[in-house]
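Here are the chains, one letter per residue:
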Amino acid sequence: MSQKNLESLTIHSFRGIRGLELKELGQINILVGVNNSGKTSVLEALSIYCHPLDIGAWLSIARQREQGFKISRTPLLNSLEWLFARDATIGSEGQKSGSIHISSNGCYTVRKMNASYEAIEGMYVSDKQQRPIGFYDPVATSEDEQLNEEGGLSGTRKGLDLKINLDTFSLDSFIPGQNIAEDFQLWENERFFKFSGRKNPSLLASTVTPASHRSEIGQLRLFSEARLHDFKGDVLVLLRQMDPSISDLEILLAPGSMSSNFNIFIQHDVLGLAPLSTFGDGVRRLLHIALQLAAAKGGILMIDEIESTIHTEALQNSFRLLIKWCNQMDIQLFATTHSLEAVDALIAGTTIESGLVLYRIEPKSGQTRVIRHPWDRLKRLREDLGQEVRW
Amino acid sequence: MVNRDCVLIGVEGPHDQAYLAKVLKTLFGFNECKKQEQLDNIWRKFIPTYPTRTGQLHLRLDMPSVLLKENLSIAVYAGGGSDLSNKLHDKLSDIDCQSSLKGFGIVVDSDSDTPSRVAQEYHNKLKDLFPEFPSATDRTGVVVSGEPRLGLFILPDNDTAGVLDTILCKCGEVAYSGLMEHAKEYISKFNDHEVGWSNFDRDKATVAAVASILKPGGTNTATLSNNNWVSLESYRQIQEIQVFCGWLGNLLSISPLPIGSA
């Protein structure tokens, strides 16, 4: 069997996680645990680890938990700080600091990532008219700000000094591994994309959150990629698990639309052509998962709350297809769930060859313990012994 | 939720489970836990679901007997004969048994193999969970100290071949000597070969015959719980029960009730 991108992953420190080891990773990795055990944090850590020098990815992950809010309730830099382990929040000089440490084995070129930050302060002088609009955050507005003589704003501003160190290796034994060190200064109320770092090294990774199917941003691009990968037929098979009357997908301009905003439409045997947004969460989320699958070929797909919006009766068939495609497209899946029905449906929809592994995350004092069940033991525990495996 | 010092004891079948529960109640002063809210967290994992995902409607529910005394909580789990080690291995792989258990013991019989080979077999199957699990036994049964304490007792006496019913026949002589005499006379009329008995089936049939006289239609499991096979008197008179209680006391780190309290 060929080596996976990630054969093992150790999250030494990230948010509240300490020393979490995911050994002998499978093609399909299911994360369970009680509330606040760190399941979503594992996906977030993995997302960052797959794009370690892409500051845009860092910021996106930092804000992921506020996806449902119209206005972010936490200033962006504070959200970023919360990604870091908090055991060293106050440094020797009294400044805030923290660290993230992740390592892995497998084909992925990054073997180790160490990141740390320190809170910094600087002077803020800008023309009011030129003040960035897109990143205006009412919570973060400094009380120290005042108009300067030219009518602009001046005052102190807060920032973060982010240091990222990577150890990489090459599959080519003649090319030595590298140590990469990058330093980023991020300031509140600035256009952070200026500091977007670089895209490589990276590992292709897609994330599905419980709410991401409701966002239309990127859906058309994902749909186009799926079409180009000749994956549309498979997407339709998956959607028919939810509604057998779905026959096709199209990108169309809504009739009478004054703008040039195209949308995804579903060809439905009963409803005719109907915009995707008029369908229920189940159809929209399955479509979103299917499109993310196509985008993650050869990489990593992360699904938070895999059972979300999918009816119990549709779980098994949906998961069977999802796993089949993950295996065919060489995608390593990491999915969280709270649902025992989802665990049972995953077992029923797989065989030992599917490479399914369940990890239960248990926070203990000072360390995050992991219980690992390979597919065959998991099957015996659930099907023969009826044992609860989520806690 | 309650959290006491927890000890898990694995046995092969429901008869052994009933015997051990009776010993703990009668000779050590434990009470049986009958309500879910009294269960310690760790035993909640052992509550079976019905039916299991295999859909079989008539499988026995393998709920352990849980016995409580002061700060001790003992679960006696019957694993279905020779499947015991596999089932325990699967179940314990899902539990942080090193920190959740104060003791872990196995009580099995030696009807088809020698005690030393039985000990080696259980050691091999459980060593990745408990590297110090005994690989040999001695006349008094073995308890390895540590966290958790690890014990192995091979019925009837860690030395000779036999089963639980070998001891129960001795218990019957103490508690129901007249019935035992009649039962043995009746059982002696059958030829092992003709009725297809093997090894220790004669002892089992004798106990069953007495059980059905004590409570017509009753089972061996029920009579163990409801009658006087295990009592302070049988403990006083039968060496095998004394040795077993000594082993159990070591595993639980407590003493049996004094013999004089009968």
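As the structure is a computational prediction, the values presented were derived from the model and not from experiment. (Residues numbered from 1 in each chain as written. Chains lettered and ligands numbered in written order. Predicted model: local features only at pLDDT ≥ 70, side-chain atom pairs only at ≥ 80, totals over all residues.)

**A look at the sheet that holds strand 12 (residues 272–275) of chain A**
Residue and element names in this part refer to chain A.
Next up, step 1: The strand order across the open sheet formed by 3 strands is 10-11-12, and the pairing between neighbours is antiparallel. Since the sheet does not close on itself, it has two edges, and those belong to strand 10 (246–253) and strand 12, each with one partner. With direction set aside, neighbouring strand axes in the sheet form an average angle of 30°.
Next up, step 2: Examined bridge by bridge, strand 11 (residues 262–268) and strand 12 share 4 bridges and lie antiparallel to one another. Paired with Ile 266 across the two strands is Ala 274, which belongs to strand 12. (Pairing = 2+ DSSP bridges. Helix = DSSP H or I, 4+ residues; strand = E, 2+ residues; numbered from the N terminus. Axes fitted to C-alpha atoms, helices over the stretch in contact; angles between N-to-C directions.)

**Brief notes about the domain arrangement of chain B**
Residues and elements named next belong to chain B.
Next up, step 1: What the domain assignment lists for chain B is domain 1 (5–161 + 239–256) and domain 2 (164–226).
Next up, step 2: Taking the mean C-alpha position of each, domain 1 and domain 2 sit 25 Å from one another.
Next up, step 3: Listed as interface residues are 12 residues of domain 1 and, on the opposing side, 10 residues of domain 2.
Next up, step 4: Counting residues per element, the ones that place at least two in the side of domain 1 that touches domain 2 are helix 1 (14–28) and helix 12 (239–252).
Next up, step 5: Looking at the side of domain 1 that touches domain 2 element by element, the count peaks at 6 residues for helix 1.
Next up, step 6: Across the side of domain 1 that touches domain 2, the residue classes break down as 6 nonpolar, 1 polar and 5 charged. (Domains from an automatic or database assignment. Contact = placed C-beta atoms within 7 Å. Nonpolar A, V, L, I, M, F, W, Y, C, P; charged D, E, K, R; others polar.)

**A few points about the sheet that holds strand 5 (residues 103–109) of chain B**
Residues and elements named next belong to chain B.
Next up, step 1: Across the sheet, which stays open at both edges, the 7 strands sit in the order 2-3-4-1-5-7-6 with mixed pairing between neighbours. Two strands lie at the open edges of the sheet, namely strand 2 (31–32) and strand 6 (142–144), each paired on one side alone.
Next up, step 2: Where strand 6 meets strand 7 (residues 149–155), 3 bridges bridge the pair, whose relative direction is antiparallel. Within strand 7, the residue paired with Val 142 across the bridge is Leu 152.
Next up, step 3: Each of strand 1 (5–11), strand 2, strand 3 (65–69), strand 4 (72–78) and strand 5 is contacted by helix 1, which is oriented at about 160° to strand 4, the strand it contacts most.

**Considerations on the interface of chain A and chain B**
Next up, step 1: The interface of chain A with chain B comprises 15 residues on the first partner and 12 residues on the second.
Next up, step 2: Examining the composition of the side of chain A that touches chain B, we find that 6 residues originate from one element, helix 9 (residues 375–384) of chain A, more than from any other.
Next up, step 3: Residues of the side of chain A that touches chain B, tallied by class, amount to 4 nonpolar, 3 polar and 8 charged.

**Some thoughts on the environment of B:Glu185**
Next up, step 1: The topology assignment puts B:Glu185 in helix 7 (residues 177–187).
Next up, step 2: Taking the C-alpha atoms as reference points, B:Glu185 and B:Glu121, separated by 64 residues in sequence, lie 38 Å from one another.

**Let's talk about the packing of helix 5 (residues 232–239) of chain A against helix 6 (residues 281–295) of chain A**
Residues and elements named next belong to chain A.
Next up, step 1: Relative orientation of the contacting elements helix 5 and helix 6 amounts to 150°, with a least axis distance of 9 Å. Looking at the two axes, helix 5 sits roughly antiparallel to helix 6. Between helix 5 and helix 6 the crossing geometry is right-handed. Side by side, helix 5 and helix 6 meet where Val 235, Leu 238 and Leu 239 of the first sit next to Val 283, Leu 286, Leu 287, Ala 290 and Leu 291 of the second. (Parallel < 35°, antiparallel > 145°, perpendicular 65-115°, else oblique. Left-handed = near helix turned anticlockwise from the far one by under 90°.)

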